[in-house]
Every structure is written in structure tokens, then in C-alpha cells.
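# Structural description and commentary
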Amino acid sequence: MKVMKFGGSSVATPDNIRRVKAIVTAQEEPAIVVVSALGGVTDELVRISALAEAADSAYQEHIQALRQRHIDACTDLVGDTEAGRTLRGTVDALLDELESICRGVFLLKVLPDKTRSQILSFGERLSSRIVTAAIGNAALYDALDFIRADGGEVDFEATNQLVSKRFRGYGKGSPVAIVPGFIARDGAGDISTLGRGGSDYTASILAAALNASILEIWTDVDGFMSADPRIIRTSYVIDELTYEEAMELCNFGAKVIYPPTVYPVCLKGIPILVKNTFNPEAPGTLIRDKKDTKPSERVIKGISSIDNITLITLSATSMVGIIGVDRRIFTALADEHINVFLVSQSASETGISIGVSGDDAEKACRVLSRTFAAEIASGAIHPVKREDGLAACAIVGENMKHNCGIAGKLFSTLGRSGISIIACAQGASESNISFVVERKSLRKSLNVIHDAFSLSEYQELNLFICGIGTVGSQLIGQIARQREKLMRKRNLKINIVGIARSSKAVFDRDGLSTDSWRTDLENGMDITPSRLRDEVIGMNIFNAVFVDCTASAEVAALYGDFFQHGISVVAANKIAASSDYREYRDLKKTARRRGVKFLFETNVGAGLPIISTINSLRNSGDRIQKIEAVVSGTLNFLFNTLSAEVPFSETVRMAREQGYSEPDPRVDLSGTDVIRKLVILAREAGYEVNQEDVTAEPFIPREFFTCPLETFWKRLPELDAAFEARRQEMERNHKRLRYIARMEEGRCTVALQAVGEHHSFYTLDGSNNIVLLTTERYHDHPMLIQGYGAGAAVTAAGVFADIISIANVSN
């Protein structure tokens, strides 16, 4: 025999009741069916009782609407038959009784608890009769005849005896037993209720009393979810839970089943199966004893949360060692029916914080202030402190008790994301860690935990890409081409949630299309640097990475704010890393302190692994003594292209046309870009260097840098003869020109130099870069790194590599 319970949504409409009928009549073993009130009816009964107590005659209109709804359901399901007329007569009689009770409340303006329970009982009393008639081969078994409870406390001894007697002989071939949930009688014979959600409890009581094979809870979801699907798109149905895990999730906001439901069947070892009335083919979630569950590799099974809570704190040094303070707190709150779902207390006993619903906060503060009025007046205890606008989260899983470092991983994950924990608690069972955060951080908290503990199918990174020039647009294209492969082979999902250029931006936390982003951007919002900062931070999205593909100082100035809010930065922009040394140092420190990444590999050498190699050498204990480098792909292109047929002025034009130089090539010709790169390399090598510390020797006259750009292009051929003469000299002496950046023990220079055919830099082709690292370990034979050092595609690839490295660290 099994017990099946169908919730309010399952019996909300005649069509839904037909679904229930199809499910019930398809069962092969005998089933007892427990039903809730039609969806929304209990809330309506609460409203009716409140109106009647307030002497508001509008309660009559609400009862009339309730009557019409139930009569319409009878007609739809049973029709104008003798059975239908009998059913409507029964329903009418029950609603007449309800109206009579409410009339008395209206006249007396008093609503005793017993009368309130009686009014609330009509939902299940009506629905059970309608479902019985709709199924046809069914019989009503009224819970008022055998469930005994007072104030929600079940008398199991009396109930079990009455249930055994009432269902004696029930089995195969018997009409389906339909039982109204939620309702009971107390010891005096008056109607009482089992609390909101009590129909689940009714079903569990029956299953335990009759030693059922299984308890099925039919609802409107496929089962317990790994997290709230309204917040986490990647949440999934948990196939199996232990009783303890299910209880923890239910107690902490997962409204799949009523929490007390687990207890009776747990004692008997009866499994619970949560199923979806509207998707009966889905396997659902099976809840059973731990020894019967399949081993799981996941440390945590699910995340649950409660929105809109208030943390109330009672504190004072005088509380230390005083016996009875906690008892007074919880007794006072229990007497006022205030539920406490989280308790956090320091070992020093100087304070205790409790989490209550935001709706109960005002009342709880009044109760505690009254309870401890004498101590507060004397100064022995501080006034009750209240913190609103909070949310509580819990991670649940029995495997946590067998794994070290779960709490550490949880808190570090939240910390790296810029989320502060206000209070936390963990039970001795170690199957639940609960914590309180600001309400605005709830979505981000749930997402980052779901991702960090591998509850999601994919690890996700959420990118804000600023700058859509050649590098930025190439990066978006590369992400689009690689996205499916990364999801398939690396379980990494990259979402572009924001794209910005100088005056426009578009944001979408669900991800922008890589096909229509240009159109979306044109139709996006107007943007300024300050608004860009506010939009990125305000989205408060998890695993966020700001990707700077601009050359803007205003954008670089935003990095510090991003770090403070747990947002990593990947920069092709050189300004921040080459700015004043103190600013560079502070950015690095802030990123390290906040547990986020500040990566700028492409600042030097485009996609070449130069900075990462220097960091690896230093982290392993080596010391960088000297750096020699050709790190301007533009200048190397110029001097490799220069020939008898191609004069200097033409090489500059070619560099601009082929995308090797800036639109104004004087940025490259001045050596400023090389100076910035050398400063970055020297700093990463461990030296305190600023741009003004670099000795630079310009190789074209200074007046070319101060004239208008048009004049520059006009006068540029004036330099051709001098460069041709120099080229011929180099050719006769078997040498080549290279613009070399050099750092030795912190002393930095950049200059155009001639190198012989035996020098490592002599054979450098096209726009390639080359770096020689002389270290304590690589002293006699310096380490050489060489390859493409310019071009949008390789630079974008280097930025992409930095993004992927953040995913590797987060994993």
C-alpha cells in the first residue's frame, strides 16, 4: 500500500483534478490519497476570517465567490447527474455552515483560535468531497475521524489506533480512499489543524501508521532543486536525498514539502518520493535512509535560502556565564509564536544573534525588549539591536561531515566575490552550514556557491568587455567560436553580460548574443565612465570579469572599485600597470586582498607568455637580473620592412594600414609604448620603476611629435634619406636596427641600436617580439621568449588566455 498526497496546485482546477484522477487510477497497488484545499482557498479563508473579525461585511462577497468556484468545479467534473446534484448539495451545506460561523464572528468581533481552525478546515473538507466524486470509484475517509492533534501537536498513540481501525481491511479492490489533509480533532472533539502545509503531514502520519511502502508527495515541481531555479538558471533536480538533508533544506526555505512531514516516515524507514502532477514522467526526488542512498561525489546536495530576514542581537559582557539567558529568549519568542530559524552565538557568550522573518521582526524586538527590560534599564544588557534587509542561505549535504575545509572553501568563495558574511551557524551534525548576507547579495551568493561546489553543469564566467576596436571585436569573435567547445570539453561557460564603447553600452545578466551584439550596442544606453562603473558593480553578478580592451585612463581608473566589489580585471590597456608605482602597487595589493585577479599579460608581447613566465620564475625563488627585449611589434615591423625599395615613410604608412600601429603612429615612434612595457616588465621582475626613470633616446626629431598629424604625414618623407643611409651602413656591416628595451638591476633604457648577425635579435622577423631573461638560474644562457608580438588577433588571444586562467583558478 502507498500513500499519495496532492497539493493545492494539483487540485486547483477541474482540469488539474482530472490529471490527479489519471495518476491515481493508473496505480497498480492500493493507494490512499490525501488532498489539500483547492489552490488558493486556504489563503482566501484566512482573508474571510480576518474580514469577519473586523466586522467588515465584505466577507460575504468572498464566501459567495468561494461558493461559486466550488459549485462550478462540481458541475465541470460530475455534471448534472444525480451524483452531481448530491455533491453540490453537500458543498452548499458546508458553505452554509461556513457562512453561519463567519456571521457569528462578524457580530461578536471575536475570533477564538478554535473558531479560526474550524473556518480554515473548510478548504480540505470541500476539496476532498469534490475529488472523491470526480474519481468515481472512491470513498471519503474523513481525517476528523482518526487524526488527533491539538495546536499542531499530534497525539500519535491515539491517532495510530484510530487509523488502524478505520483502514482495517483496506487493500486491493477497495474504492480509492480520499482523505482531507491538514485537519484533525483535539482531545475535546473540536476541529484543529496541523499548520500551513499540514496536508503533507497528514499523509506522512497515515503512511507511518499503516506501514506504507512509500509516501508520494505530488506537487507542481519536478522535485527538490539544487537551488532556487528563479535565481540560478543552471539548478537541477536532485535525484536522491537522505531524510536529514531533506529536513535541512525544508527548514531553510525549500518549500517542496512541509518540514514535519519527514519525521513520522523517517522513524519507520518509509521512503518519500516527490513527483510533479504536471510532469508525471519525471523521476522526481527520492528521500530515504542514508544507508539506502547511492554514494554521491558531490560534497553538498543543495542550497536553500530565505529572503527578507532580520537579525536580532542581544549582547553585553554581563551575559558571560549567566545561566538562563538563552532560555528566556526562546521561551519569550515561542510564547508569541515567533519562529527562529538561525542562531549564532560566540564562544565568549557576550552576545547572541537570532534570525527571524522580516514580518516578525518588530514583534520580536518588542518581546525581547520587554523580557529584558530591567537588565536594559540598568545597563547590564545593551538595547536590542536589529539589522534588516538581510537574507539567509544554507548549504546542505551529509558528505560535508567527511570532508575537511568545506567551511573554508565556502567563506573564501564568498569573500573573493566581495560578499560579507554577517553571521553564520553550523550544527554538530555538520550537514548544514548557514550564513546571513545582505539581501542584495543573495542572488550573487547562491550563484557563486552553486558554481564553486560544482552543482552547476558548467563553471561560468560573466564578462564585461569594454572597448570594441580591433582587439575587442576580435575577442568577441574568438569567444563565439570557442564557446561550445569550452562547454563540451571544459565544462566552462563564458557569458558576455556587458559590452561598452566610448559612448554606448549594453548589459544583460542572462548573456548578450555574439551574433547581434553590434546592433544591441547601437541601441544601448548612453555611457560615461562613472555610469559604466555603477552598471557593472550594480549588476552584482557572480564570477565577474571586467575586460579592458581600451587605451583609456578613465577606464583604467575604475579597476580599484571593481576589485573592492569582487570583480577581476583582465587588461590589454597598459595605463594602470604602467602608472605611478604607488598606484600600481595599491591595485595589486587590493586585488590580492580581495581574492580577485588583475591580469595584463597582453600589456607586453601581445599573446606571448612573458609576464606569466617572470612571475613563475620569481614565485619559485629565482631573481631577475636583466631583461633585454624588442617589444614593439610596430617598430620591429618598420625596421624589418625598410629596404631600398620601401622607404621609411612608406613603412610607417604600411604599419598603420595593416593594423600594427596606432591611428597616430607617433605613439609608437616616440618609444612611449616601449617605455610603458619596460616599466611593466621591470615591476613584475620586482623593481620599483616609474616611466620617468627610463632613459630614452628618440630616433626621429622632436618637432615631428609636436606638429599636427597632417603635418607629420606631409613631412615624414624628409626622414627617408637619413634612414636609407643608415640602412645601407647596417647592410655593409652585416647588422640590423632594433629598438631595444633593457633593464639591468633596476636601471632602464630604451634606444635604437645596431645588432650583429650573431645576436639573438638579428633574425627577428616581421612584427615579432623577443625577450631575453637573465636570472640567477638562467645566467650563462638567458631564457628566450619569441613570437608574434603585435596584431589584433594574437592580442585578443592573449586576453582570452588570461580569462581562461581566471576560470582555472576559480575551479
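Everything in this summary refers to the structure shown in the same document. Small disclaimer: the values here were computed from a predicted structure and weren't measured. (Residues numbered from 1 in each chain as written. Predicted model: local features only at pLDDT ≥ 70, side-chain atom pairs only at ≥ 80, totals over all residues. Heavy atoms only, no water.)

## What to know about the overall build of the chain
Secondary structure assignment for the chain yields 31 helices and 31 strands. Structurally, the chain occupies a C-alpha span of about 115 × 70 × 55 Å along its principal axes. Every one of the 811 residues in the chain was classed for burial, and the buried ones make up 53%. Sequence separation of 24 or more characterises 71% of the internal contacts of the chain that already satisfy a separation of 6 or more. Looking at the chain as shown, the accessible area adds up to about 35000 Å², and 48% of this sits on carbon and sulfur atoms. Treating the 91 positive side-chain charges of the chain as one cloud and the 101 negative ones as another, the clouds have centres 1 Å apart. (Helix = DSSP H or I, 4+ residues; strand = E, 2+ residues; numbered from the N terminus. Buried < 20%, exposed > 50% of the residue type's maximum accessible area, 1.4 Å probe, protein only. Contact = heavy atoms within 4.5 Å. Areas by Shrake-Rupley, 256 points an atom, 1.4 Å probe, with all protein chains shown as cover. Lys, Arg positive; Asp, Glu negative; His and termini not counted. Charge placed at Lys NZ, Arg CZ, Asp CG, Glu CD.)

## Considering the sheet that holds strand β19 (residues 459–466)
Strands sit in the order β22-β21-β20-β19-β23-β24-β25 across an open sheet of seven strands; the sheet is mixed. At either end of the open sheet lies a strand with only one pairing partner, and these are β22 (525–526) and β25 (598–599). Summarising the sheet, β19 and strand β20 (residues 492–500) pair through eight bridges and their orientation is parallel. Across the sheet, the residue bridging to I465 is I499, located in β20. On top of the sheet, helix α18 (residues 529–539) reaches β19, β20, β21 (504–507), β22 and β23 (544–548); it is set at about 5 degrees to β21, its chief contact. (Pairing = 2+ DSSP bridges. Axes fitted to C-alpha atoms, helices over the stretch in contact; angles between N-to-C directions.)

## Some remarks on the packing of aromatic side chains
For any pair of aromatic rings, the description rests on two quantities: the centre-to-centre distance and the angle between the ring planes. One pass over the structure, following the stated rule, counts 21 aromatic pairs. Ring geometry for F648 against F723: centres 4.0 Å apart, planes inclined by 5 degrees, an arrangement best described as stacked. A residue pair is termed long-range when its members are at least 10 positions apart, and F648 in helix α25 (residues 648–657) and F723 in helix α30 (residues 720–732) qualify at 75 residues. Its relative accessible area of 5% is what places F723 among the buried residues. What links up through ring pairs into an aromatic cluster is the set F639, F648, F699, F723 and Y739. The ring of F453 has K409 lying over it, and the distance from NZ or CZ to the ring centre is 4.8 Å. Sitting above the plane of the F704 ring, R715 keeps its charged end 4.7 Å from the centroid. (Phe/Tyr/Trp six-rings, centres within 6.5 Å; stacked < 30°, edge-to-face > 60°. Lys NZ or Arg CZ within 6 Å of the ring centre and 35° of its normal.)

## Some thoughts on the environment of G79
Locating G79 in the fold gives a position in the loop between α3 (59–78) and α4 (82–108). Taking the relative accessible area as the measure of exposure, G79 reaches 18% and is therefore buried. Not counting residues up to four positions away in its chain, the partners in contact with G79 are C74, G84 and R88.

## Considerations on the pairing of β19
For β19, the tally of buried residues reaches eight of eight residues, placing the bulk of the element in the interior. Side chains Q459, L461, L463 and I465 of β19 all project onto a buried face; the interleaved residues E460, N462, F464 and C466 project onto the opposite face, where all are buried too. What joins β19 to β20 is helix α16 (residues 470–490), and the crossover it makes is right-handed. Bridging between β19 and β23 involves five bridges; their strand directions are parallel. Counterpart to C466 in the pairing with β23 is D548. (Right-handed = clockwise from strand over helix to strand, strands pointing away.)

## Observations concerning the packing of helix α5 (residues 113–120) against helix α6 (residues 122–135)
Where α5 contacts α6, the two axes come as close as 4 Å, and the packing angle between them is 25 degrees. In terms of orientation, α5 and α6 fall into the roughly parallel class. Contacts between α5 and α6 involve Q118, I119 and L120 from the first element and F122, G123, E124 and R125 from the second. Here the residues of the contact of α5 with α6 are counted per class, giving three nonpolar, two polar and two charged. (Parallel < 35°, antiparallel > 145°, perpendicular 65-115°, else oblique. Nonpolar A, V, L, I, M, F, W, Y, C, P; charged D, E, K, R; others polar.)

## Let's talk about the pairing of strand β30 (residues 768–775)
For β30, a buried count of eight out of eight residues is recorded, marking the element as mostly surrounded by other parts of the structure. Burial along β30 is two-sided: the face carrying N768, I770, L772 and T774 and the face carrying N769, V771, L773 and T775 are both buried. Relative to strand β31 (residues 783–788), β30 runs antiparallel, the two sharing six bridges. Directly across from L772, in β31, lies its bridge partner L784.

## Here we look at the sheet that holds β30
The strands making up a sheet associate through hydrogen bonds between their backbones, and the pairing can be parallel or antiparallel. The strand order across the open sheet formed by six strands is β27-β29-β28-β26-β30-β31, and the pairing between neighbours is mixed. Lying at the two open borders of the sheet, with one neighbouring strand each, are β27 (695–696) and β31. Here strand β28 (residues 735–744) runs beside strand β29 (residues 747–756); their pairing, made up of ten bridges, is antiparallel. Residue pairing across strands places M743 opposite C748, the latter belonging to β29. Across the face of the sheet, helix α24 (residues 633–641) comes into contact with β26 (624–630), β28, β29 and β30 while running at roughly 155 degrees to β28. Set on the sheet, α30 makes contact with β28 and β29; between it and β28 the angle comes to about 90 degrees.

## Details of the side chain of T115
Inspection of the secondary structure puts T115 in helix α5. Setting aside anything within four residues of it in sequence, one finds T115 in contact with I101 and V105.

## Description of empty space enclosed by the protein
The gaps left among the atoms become clear once a water-sized probe is rolled over them. All chains considered together, the criterion is met by one cavity of 30 Å³ or more. Taken as a whole, the largest cavity encloses approximately 40 Å³ of empty space. Around the largest cavity, the lining residues are I312, T313, L314, I329, I352, I354 and L368. Breaking the lining of the largest cavity down by element, the ones donating at least two residues are β13 (302–315) and β15 (351–357). (1 Å grid on protein atoms, 1.4 Å probe; cavity = no way out; pocket = protein on both sides within 12 Å on 5 of 7 lines; lining within 4 Å. Points joined across faces, edges and corners; volume = space filled by probe spheres on them.)

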